[in-house]
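# Chains, contacts and geometry: an overview
Each chain, written out:
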Amino acid sequence: MAGKKGSDKKSQKLTPEQRAKAEADAKKSVARNRKAFHDYHIDDRYEAGIALSGTEVKALRMGRASLVDGWVEIDGGQAWLQGIHIPEYAQGTWTNHAPRRKRRLLLHKNEILKLGQKTREKGYTIVPLELYFIKGRAKVEIALARGKQEWDKRQALREKQDAREAQRAMSLRVNR
């Protein structure tokens, strides 16, 4: 029995190589679109690969991008990410990319068809939520979303503020 316990501890401890691999495989967020949660009701989420040039990848690894004005367009059986800003790479030369060019999304054909059908309905759009790296590959989380009315936004802010006040009151009560 004693020999078995020792082997369990040995199997739980990670070698430096295993630790480095686990860190490389972890999700590293580059940019989030928090405004999308305020402006839209999020219905379905999808993870898509993104076709990038070399300088775009280097600029993203530096942690610089903006998804605020981004949207996804379905055109000719392809999904295109438009309006996101990936700044030029500082050490790039004439091979640098255009900061606001449209970028192809890598999705399954049935996902593209489903998204295309939904966006033809009134009130639906596709917005990017988060841009991140997993296992060294750039991914973008997109969502099928419905626009909120102005009163929806105010109600959501009011509910958030009420929850914050209730939490504050509970913490004051506990700390007495």
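Throughout this document, residue positions are counted from 1 along each chain, in the order its sequence is written. This being a predicted model, a pLDDT of at least 70 is required before a residue's local features are given, and a value of 80 or more before pairs of side-chain atoms are given or counted; all residues contribute to the totals for chains, interfaces and linings. To obtain the side-chain values, all non-hydrogen atoms of the structure were used and water was disregarded.

- Per an unreviewed UniProt entry, the protein chain goes by SsrA-binding protein and derives from Bowdeniella nasicola.
- UniProt positions are given in the numbering used here, feature names are shortened, and annotations may be inferred rather than shown by experiment. Per UniProt, the comment on the protein chain under Subcellular location (unreviewed entry) is "Cytoplasm".
- Listed in UniProt under the heading Sequence similarities (unreviewed entry), the comment for the protein chain reads: "Belongs to the SmpB family."

### Examining a positive patch on the surface
- The patches reported here contain residues having more than 30% relative accessible area and no salt bridge. Joining distances are 9 Å for like charges and 5 Å for nonpolar side chains (Val, Leu, Ile, Met, Phe, Trp, Tyr). In this description, accessible areas are obtained by the Shrake-Rupley approach with a 1.4 Å probe, and a residue is regarded as covered only by the protein chains that are shown. Between Lys or Arg on one side and Asp or Glu on the other, a salt bridge is scored when a side-chain nitrogen of the former is within 4 Å of a carboxyl oxygen of the latter. Counting rule applied: Lys, Arg positive; Asp, Glu negative; His and chain ends not counted. To locate a charge, take atom NZ for lysine, CZ for arginine, CG for aspartate or CD for glutamate. A contiguous patch of positive charge, built from R32, R34, K160, R164 and R168, is present on the exposed surface.
- Ranked by residues supplied to the positive patch, first place goes to helix 6 (residues 150-175) with 3 residues.
- The residue R32 is located in strand 1 (residues 28-32) in this model. Numbering of helices and strands runs from the N terminus; a helix is a DSSP stretch of H or I covering at least four residues, while a strand is a stretch of E covering at least two.

### So, the sheet that holds strand 2 (residues 40-50)
- For two strands to be treated as a pair, DSSP must find no fewer than two bridges joining them. Pairing in this open sheet of 7 strands is antiparallel, and the strands run 1-6-7-2-5-4-3 from one edge to the other. Of all strands in the sheet, those bounded by a partner on one side alone are strand 1 and strand 3 (71-75). For this sheet, the mean angle separating the axes of adjacent strands, direction not counted, is 40 degrees.
- The pairing of strand 3 with strand 4 (residues 78-82) spans 5 bridges and is classified as antiparallel. Axes here mean lines fitted to C-alpha atoms, for a helix over just the part in contact, with angles spanning 0 to 180 degrees between N-to-C directions.

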